[in-house]
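# Breakdown of the fold
Single-letter residue listing:
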Amino acid sequence: MEFKIDATDEKARACTIKTSHSEIKTPVFMPVGTAASVKSLDTQDLSEKLDAKIVLANTYHLYLRPGEKVIEHSGGLHGFTGFTGSFLTDSGGFQAFSLSEISKTTDKGIEFKSHIDGSLHLFTPQKVLDIQYSLNSDIMMILDDLIALPASEERIAQSIARTTAWAKESIKYHKESRERGIGINQNIFAIIQGGTNKKFRRISATELTELEFDGFAIGGLSVGEESSAMYDTVEFTTQYMPIEKPRYLMGVGTPEDIIEAVDRGVDMFDCVMPTRNARNGTLFVSTGRINIKSSKYRLDQNPIDPECSCHTCSNYSRAYIHHLFRAKELSYYRLATLHNLHYYLDLTKRAREAIIDGEFKRFKKEFYEKRG
């Protein structure tokens, strides 16, 4: 992986990440394709309609179905899906967290029952890398111990101790795998934990950044804490993250969250919000959000967002999208998802342009002014 900082505007950064499959301009939003598919879209939509350079897929879900060996047989995620851009794969730690009723975390790893058939499985630092080697993703996230907030200091300390121990196991195993010719073109990111506790965030960041990872993520946020606490934690943590490597804020979030995190030096983002909200009728626009299910759009001939150039806004009215939603037509999900993902991808693209022009503060001010 190659990484270059193209411009900075105070803490905000515009960078370029080159993997073996694509050149990624940051700040960047990664559409979430949990099961090797962004819900309701195909790979042509991603490549041609959205010009997405990187998509997130999930190790936990693909391991359970269809199985990493099925995907490996098809040539990895790229051969399996036909998507020629980059893939980032999460380790499965978040799924273990969200499915805590059927999982148990120990110093060895994460033991869990399949949500599909109840079968018992164990994820270790080595196991999740082996799965991701078969998936042949461009960026692999290592196993980490994610906890809900608020949490006791004892539990946070245990979380970062495990995360560091698993990181050391992961980097050692990755080096050994590469010596055997496995994972040569795959990159490995560590995940900084610590809740909203600055002492533990500093310890976690300091311990992990001493190791030879290709990039670093901020994990364990947007799990119940106030937005202000999340922003403070991001601002505090980025100062301990290497300048010369990518910075990824996992699972975040709203358009406002992304703008605030970019302002604090973050490069990469993912979240299910644009796709999930699209399916539920909430569409993102330059003035905030609209609920397309509302009857007030029944005769509205305007596009979803007059300022948007996406495929949906270029061809269809609010009235038609409203009708599709009300009629439960399947085409609604594609058109709404295309719009919301275009909004997110365009937002980060315009943020990048503002950083390069040295105008990010003005861009951020106008972003909020349009929202009233």
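Reference entry: report on the structure contained in this document. (Residues numbered from 1 in each chain as written. Predicted model: local features only at pLDDT ≥ 70, side-chain atom pairs only at ≥ 80, totals over all residues. Heavy atoms only, no water.)

## Examining the sheet that holds strand β3 (residues 23–25)
Here three strands make up an open sheet; going across it, the order is β1-β2-β3 and the pairing antiparallel. The two strands at the open ends of the sheet, each matched to only one other strand, are β1 (2–9) and β3. On average, each strand axis in the sheet is inclined to that of its neighbour by 15 degrees, with strand direction left out of account. The pairing of β1 with strand β2 (residues 12–18) spans seven bridges and is classified as antiparallel. What sits directly across from Phe3, in β2, is Ile17. Packing of helix α14 (residues 330–356) onto the sheet brings it into contact with β1, β2 and β3, and relative to β2 it is tilted by some 115 degrees. (Pairing = 2+ DSSP bridges. Helix = DSSP H or I, 4+ residues; strand = E, 2+ residues; numbered from the N terminus. Axes fitted to C-alpha atoms, helices over the stretch in contact; angles between N-to-C directions. Contact = heavy atoms within 4.5 Å.)

## Looking at helix α9 (residues 227–238)
Over its twelve residues, α9 extends 17 Å from the first C-alpha to the last, a length consistent with the 16 Å expected when each residue adds 1.5 Å. Looking only at α9, the buried set comprises Met230, Tyr231, Thr233, Val234, Phe236, Thr237 and Thr238. Packing partners of the buried residues in α9 comprise β11 (187–192), α8 (198–209), β12 (215–218), β13 (247–249) and α10 (255–263). (Expected span 1.5 Å × (residues − 1). Buried < 20%, exposed > 50% of the residue type's maximum accessible area, 1.4 Å probe, protein only.)

## Examining unusual backbone geometry
Here the amide bond leading from Arg65 into Pro66 is cis, since omega sits at 10 degrees, within 30 degrees of zero. Along the chain, Pro66 turns up in the loop between α2 (59–64) and α3 (68–73). The linkage connecting Leu149 with the following residue, Pro150, adopts the cis geometry, with an omega of 0 degrees. For Pro150, the location among the structural elements is in the loop between β10 (139–141) and α7 (153–179). One non-glycine residue, Glu10, lies in the positive phi region at around 55 degrees.

## Re the side chain of Thr43
Positionally, Thr43 belongs in helix α1 (residues 43–49). Within the structure, the side chain of Thr43 is placed 3.4 Å from the side chain of Gln44, a separation counted as a polar contact. Discounting chain neighbours no more than four positions away, the residues touching Thr43 are Thr81, Gly82 and Phe83. (Polar contact = N/O pair within 3.5 Å; in protein donor to acceptor, adjacent residues only side chain to side chain.)

## Some words on the sheet that holds strand β14 (residues 268–270)
If you trace the eight strands from one edge of the open sheet to the other, you get β4-β14-β13-β12-β11-β10-β6-β5, paired in parallel fashion. Of all strands in the sheet, those with a lone pairing partner are β4 (28–30) and β5 (54–58), marking the two edges. Within the sheet, the average angular offset between the axes of one strand and its neighbour, ignoring direction, is 25 degrees. Across two bridges, the pairing between β13 and β14 is parallel. Within β14, the residue paired with Leu249 across the bridge is Phe269. Strands in contact with helix α6 (residues 125–135) are β6 (86–90), β10 and β11; relative to β10, the strand with the most contacts, it is inclined by about 160 degrees. Across the sheet, α8 touches β11 and β12, and the angle it forms with β11 is around 160 degrees.

## A word on the side chain of Asn187
Topologically, Asn187 is positioned in strand β11. Given the relative accessible area of 3%, Asn187 is considered buried. Engagement of the side chain of Asn187 in a polar contact is seen with the backbone nitrogen of Met1, the distance being 3.3 Å. Not counting residues up to four positions away in its chain, the partners in contact with Asn187 are Met1, Asp138, Ile139, Met140, Arg178 and Asp214.

## Brief notes about the layout of surface pockets
Of the volumes computed, that of the largest pocket is approximately 750 Å³. In terms of lining residues, the largest pocket is bounded by 34 residues, among which Phe94, Gln95, Gly251, Asp270 and Val272 are the most central. Those elements giving two or more residues to the lining of the largest pocket turn out to be β5, α5 (93–98) and α11 (273–280). With five residues, α11 is the single largest residue contributor to the lining of the largest pocket. For the lining of the largest pocket, the per-class residue count stands at twelve nonpolar, 15 polar and seven charged. Lining the second largest pocket are 18 residues, and of these Leu50, Asp51, Lys53, Leu345 and Lys349 sit closest to its centre. The element that contributes the greatest number of residues to the lining of the second largest pocket is α14, accounting for six residues. Across the lining of the second largest pocket, the residue classes break down as nine nonpolar, two polar and seven charged. (1 Å grid on protein atoms, 1.4 Å probe; cavity = no way out; pocket = protein on both sides within 12 Å on 5 of 7 lines; lining within 4 Å. Points joined across faces, edges and corners; volume = space filled by probe spheres on them. Nonpolar A, V, L, I, M, F, W, Y, C, P; charged D, E, K, R; others polar.)

## Examining the nonpolar core
In this structure, Phe29, Leu77, Phe123, Phe213, Leu249, Phe269 and Phe360 are the most contacted members of the largest nonpolar core, which totals 70 residues. Excluding its chain neighbours within four sequence positions, the residues that come into contact with Phe29 are Ile258, Phe269, Asp270, Cys271, Pro274, Leu341, Tyr344, Leu345 and Thr348. (Core = buried A, V, L, I, M, F, W, Y, C linked by side-chain atoms within 4.5 Å.)

Bear in mind that shape data such as this cannot, by itself, settle questions of function.
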